[in-house]
Amino acid sequence: MTAALENLSKDVFNLNQNNQMKNDSGKENEGGYKLSTEIKMDIDRLYAVVPQLSKIFFIEDKIGEGTFSSVYLATAQLKSGIVEKFALKHLIPTSHPVRIAAELQCLTVAGGQDNVMGVKYCLRKDDHVVIVMPYLEHESFLDLLSSMKLEDVREYMYNLLKALRRIHHFGIIHRDIKPSNFLYNGRLKKYALVDFGLAQGTPDTKIELLKVVKTEDQQGSCSKNKPMTSSGNKVPNAATMNKPLAQYPAGKQPIKRPWPLSQAKHGKLVKPAKNADITSRKIIVAKRKITSSKGTTSGLGRRPAICPSDLTCDCYMTDRICSVCLSRRQQVAPRAGTPGFRAPEVLMKCPHQTSAIDMWSAGVVFLSLLSARYPFFKASDDLTALAQIMTIRGTKETIQAAKSFGKAVSCSKECPKLDLRTLCERLRGTDCSSKRKSNQKNEPKECSRITGCVPGPDIKDDEKKEKTDSLTYKQELHSQPRKVKQDIRWDSDFKSTARSSDMKSWNRVPDLAYDLLDKLLDLNPATRLTAEKALKHPFFEGI
Ligand code: ADP
Ligand code: MG
Ligand code: ZN
């Protein structure tokens, strides 16, 4: 692995004297603006820990920072004299070698084509790894939202789906599809899916290292109700997250030495999003021992680690949790990702997740684009996230879908499924029926926005008998969405109307857009559109 990945440059680059000088003095970047002291210090630190960088690159700026990596913009002069821009992703030194290698393998095998970011080189010094990628200048999603025309949205979605088709073809589940991981340059019409730090393999994945990368949750699943043994070690919790679980003795270089498969087989790792399931990125090298701290990873409360298989309980559909249920072990499933983009089956801890989870996230991105709201779902925990989804997609529908993947959900309040067009138009302010009403009343032309407090339904996950608080969340939604189709002639036949002129106008969003959205936001992963099928959706006709 490492030999190939560390096959650095050889003679590709010339030493850039000019850059060297700049590196040593002043830290002025190409644009001529001064960097903050903090960024300068970060850059200096990176040069110090990976000294070979300074021979090749001039690091200009820091362009991204997360829990597990920092990304820098750098330039290097090629032999031809051309100065090229690169993105340097410096992974935190505690990242597990297999996880790093898997991220690289995704980039090298699936990347470089169909809007999937490729990789140029990988540098390592001790436990510091820097992935060198081509740099794609990109716009912030919030800026995009206000400037994108419908035709731009159509192309954006098409290109995102193209990237998803490619990675799914390789049996890669990205797990963290969201705008900041899909770079877009409107001027160049270039797109790139990045960040395979959370990726998982499907059972038939073509990415060898993803076969090794297993989530902690997957391996710890109690679905078979096997009693767990305890011998003292603790599953990491938030308090231990910044400490490496596998400590490397000084001088040892974990990446250089390929991680032994036999050892890796016992490893469980996954990288969660920043504010998400932090614990799960860690690999657990020693055999995991279950303790009561397990419950802290779930966000659904603590429970003891015993897993009674043959006891029956009597608290079903009551407002209490019986002792049998209290002693049940938490059911666990992969849940890495960013809360607002998590598919219902992820939120409901379905242990068998497929690439359909990426399709849901793509649907949430599309929902943001059509409604001009970002982030669309804002939730601090999984149940709130589920309640928000139910408010839009309907409680009955959610319960039905949950049943299909073996989960039981009960809600205290019924919410009907919302009409997606009405929802998006009201949020975007293109709801013509509202406008007309406003005009009559001599009010501003814009659709007046009601900041409402939409109570989500109370959810009870009967399977786990979790007692949950009443879920209420605030979201800018219109209080009483109404059908608007009767007020304006909407073009339902896309074939005759899908010319680019129609695609410029937010007042003429074709039904096909909402049909695609509906099929991406299918609550049932088994019937949700695949990337392959979504690309053939008539909304994209003519691209
Ligand atoms: P993390 O795991 O920390 O989220 P990412 O790979 O998502 O790391 O990168 C973080 C950010 O860095 C991205 O959101 C993007 O803004 C920027 N970035 C990453 N790769 C590139 C690239 N190849 N070109 C330009 N910017 C990039
Ligand atoms: Mg990212
Ligand atoms: Zn019970």
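Reading guide: rules and limits
All residue numbers refer to position in the chain's written sequence, counted from 1. Lettering of chains starts at A and numbering of ligands starts at 1, both following the order in which they are written. With pLDDT at 70 or above as the cut-off, local features in this predicted model cover only qualifying residues; side-chain atom pairs require 80 or more to be listed or tallied, and sums for whole chains, interfaces and linings still use all residues. As a convention, hydrogens and water are excluded, and side-chain values are obtained from all of the structure's heavy atoms. In DSSP terms, a helix is any run of H or I states spanning at least four residues, a strand is any run of E spanning at least two, and both are numbered starting from the N terminus. Per-residue accessibility, obtained with a 1.4 Å probe over protein chains only, is compared with the maximum for each type, and a residue is labelled buried under 20%, exposed over 50%, and partly exposed between these values. In what follows, a contact means two residues having at least one pair of non-hydrogen atoms within 4.5 Å. For the accessible areas, the method is Shrake-Rupley and the probe is 1.4 Å, while residue cover comes only from the protein chains on display. Scored from 0 to 100, pLDDT records how confident the predictor is in each individual residue. At least two DSSP bridges between two strands are needed for those strands to be called paired. For helices, the fitted axis covers only the stretch in contact; all axes are lines through C-alpha atoms, and the angles between them, taken along N-to-C directions, range from 0 to 180 degrees. Ten residue types, Ala, Val, Leu, Ile, Met, Phe, Trp, Tyr, Cys and Pro, are classed as nonpolar, four, Asp, Glu, Lys and Arg, as charged, and the remainder, Gly among them, as polar. For salt bridges, the criterion is a side-chain nitrogen of Lys or Arg within 4 Å of an Asp or Glu carboxyl oxygen. Note that water is not among the atoms used; donors are N, O and S atoms within 2.8 Å of the metal (3.2 Å for Na, K and Ca), so sites may look incomplete. By construction, the arc corresponds to the directions joining the helix axis to the C-beta atoms. Stacked, tilted and edge-to-face pairs are distinguished by plane angle, under 30 degrees for stacked and over 60 for edge-to-face with tilted covering the rest, among Phe, Tyr and Trp rings (Trp via its six-membered ring) whose centres lie within 6.5 Å. Here the nonpolar core consists of buried residues drawn from Ala, Val, Leu, Ile, Met, Phe, Trp, Tyr and Cys, with membership extended through side-chain atoms lying within 4.5 Å. Note that the term roughly parallel is reserved for angles under 35 degrees, roughly antiparallel for angles over 145, roughly perpendicular for angles of 65 to 115, and oblique for everything else.

J.: Hey, could you go over the overall build of the protein for me, with residue numbers and the actual values?
T.: A tally of regular secondary structure across the protein gives 21 helices and 13 strands. Residues classed as buried in the protein amount to 55% of the 543 residues present. Across the protein, the fraction of contacts at a sequence separation of at least 24, relative to all contacts at a separation of at least 6, is 68%. Working note: accessible area of the protein is about 24200 Å², and carbon and sulfur atoms make up 51% of it.

J.: Please set out the confidence of the model for the protein residue by residue, giving values where relevant.
T.: Mean pLDDT over the protein works out to 73, with 63% of the residues at or above the 70 mark. Counting contacts from residues 1-27, a segment whose pLDDT is below 50, to residues more than four positions away or on other chains yields 52 contacts. Confidence over residues 216-308 falls short of pLDDT 50; this stretch has 212 contacts with residues more than four positions distant or in other chains.

J.: Hey, could you go over the sheet that holds strand β5 (residues 128-134) for me, with residue numbers and the actual values?
T.: Read from one edge of the open sheet, five strands run β1-β2-β3-β5-β4, paired in antiparallel fashion. With partners counted over all chains shown, the strands left at the sheet margins are β1 (58-65) and β4 (121-125), one partner each. Strand-to-strand twist of the sheet, defined as the mean angle between neighbouring strand axes without regard to direction, takes the value 25°. Sheet topology note: the strand β2 (residues 69-77)/strand β3 (residues 83-91) ladder contains nine bridges and is antiparallel.

J.: Got a sec to walk through the packing of helix α14 (residues 382-393) against helix α15 (residues 395-404)? Specific residues and values, please.
T.: Taken N-terminus to C-terminus, the directions of α14 and α15 make an angle of 115°; their axes are 7 Å apart at the nearest point. Across the interface between the two elements, Leu386, Met390 and Arg393 of α14 pack against Thr395, Glu397, Thr398 and Ile399 of α15. Grouping the amino acids of the contact of α14 with α15 by side-chain chemistry returns three nonpolar, two polar and two charged.

J.: Can you lay out the pattern of salt bridges for me, pointing to particular residues and giving the numbers?
T.: Applying the stated criterion across every chain, the model contains 20 salt bridges. A salt bridge links Lys178 to Asp176; the shortest N-O distance between them is 3.9 Å. For Asp176, a relative accessible area of 3% corresponds to the buried category. Residues Arg421 and Glu425 are paired through a salt bridge, measuring 3.0 Å at the closest nitrogen-oxygen approach. With Arg421 and Glu425 both in helix α16 (residues 420-428), this residue pair falls four residues apart, about one helical turn.

J.: Before we move on, can you summarise the pairing of β1 with the specific residues and values?
T.: Where β1 and β2 come together, six bridges link them in antiparallel fashion. Along β2, the bridge assignment pairs Gly64 with Val71. What sits between β1 and β2 in their antiparallel hairpin is a turn of three residues.

J.: Tell me what's going on with the coordination of the magnesium ion (ligand 2), and back it up with residues and numbers.
T.: On the protein side, the magnesium ion (ligand 2) has Asn181 (OD1) and Asp195 (OD) as donor atoms, found 2.2 Å from it. Taken together, the positions of Asn181 in the loop between β6 (172-173) and β7 (182-185) and Asp195 in the loop between β8 (190-193) and β9 (200-201) put the pair 14 residues apart, joining distant regions of the chain. On the accessibility criterion, Asn181 (5% relative accessible area) is buried.

J.: For unusual backbone geometry, give the residues involved together with the corresponding values.
T.: Put simply, Tyr374 and Pro375 share a cis peptide bond, and its omega is -5°. Locating Pro375 in the fold gives a position in the loop between α13 (356-371) and α14. Even without being a glycine, Asp195 presents a positive backbone phi close to 70°. Phi is positive for Ala372, which is not a glycine, with a value near 60°. Relative to the assigned elements, Ala372 resides in the loop between α13 and α14.

J.: Explain α15 residue by residue, including any values.
T.: Along α15, the residues that are buried comprise Thr395, Thr398, Ala401 and Ala402. The arc that holds the buried residues of α15, viewed along the axis, is 125°, so those residues lie on one side. Structural note: α15 exposes Lys396, Gln400 and Lys403 on the side pointing more than 90 degrees away from its buried face. Buried positions along α15 lie against α14 and β10 (409-411). Looking one or two residues beyond α15, the residue adopting positive phi is Gly406, at roughly 80°.

J.: If you had to explain the pairing of β3 to someone new, which residues and values would you point to?
T.: As a general feature of sheets, a regular strand has side chains that alternate between the two faces. Hairpin geometry of β2 and β3 is characterised by an intervening segment of five residues between the two adjacent antiparallel strands and by a positive phi of about 100° at Gly81. Relative to β5, β3 runs antiparallel, the two being bridged by six bridges. Looking across to β5, one finds that Lys89 is bridged to Ile131.

J.: Please provide a residue-by-residue account of the packing of aromatic side chains, values included.
T.: A full pass over the atoms with the stated rule returns twelve aromatic pairs. Centroid distance Phe57 to Phe86: 5.5 Å. Interplanar angle 75°. Geometry classified as edge-to-face. In this pair, Phe57 is assigned in the loop between α4 (53-56) and β1 and Phe86 in strand β3, connecting sequence segments 29 residues apart. Each member of the pair, Phe57 as well as Phe86, is classed as buried. Here the aromatic cluster, defined as three or more aromatic residues joined through ring pairs, consists of Phe141, Tyr156, Phe182, Tyr184, Tyr191 and Tyr374.

J.: Let's hear about the nonpolar core: which residues, and what values?
T.: In terms of nonpolar packing, the biggest core is built from 99 residues, with Tyr156, Ile172 and Phe366 touching the most fellow members. Setting aside residues up to four positions removed in sequence, Tyr156 forms contacts with Phe141, Leu144, Met148, Pro179, Phe182, Tyr184, Tyr191, Val365 and Leu369. One finds Leu46, Val50, Ile59 and Tyr72 within the second-largest nonpolar core, a separate group that totals 19 residues.

J.: Before we move on, could you go through the environment of Leu535 and cite the residues and values that matter?
T.: Following the sequence through the fold, Leu535 ends up in helix α21 (residues 531-535). Expressed as a C-alpha distance, the spacing of Leu535 and Lys162, which sit 373 residues apart in the sequence, is 7.1 Å.

J.: A description of the packing of α16 against helix α20 (residues 511-520) should follow, citing residues and the corresponding values.
T.: It is at 9 Å that the axes of α16 and α20 come closest, and there the two elements cross at 110°. In this view, α16 runs roughly perpendicular relative to α20, as classed from their interaxial angle. Seen from α16, the contacting residues are Leu420, Arg421, Cys424 and Glu425; seen from α20, they are Asp511, Tyr514, Leu517 and Asp518. Its residues assigned to classes, the contact of α16 with α20 shows four nonpolar, no polar and four charged.

J.: Explain the side chain of His168 to me, and be specific about the residues and the numbers.
T.: Structurally, His168 is set in helix α7 (residues 150-169). Classification of His168 by relative accessible area gives buried; the value is 17%. Not counting chain neighbours up to four residues away, the residues in contact with His168 comprise Ser355, Asp358, Met359 and Ala531.

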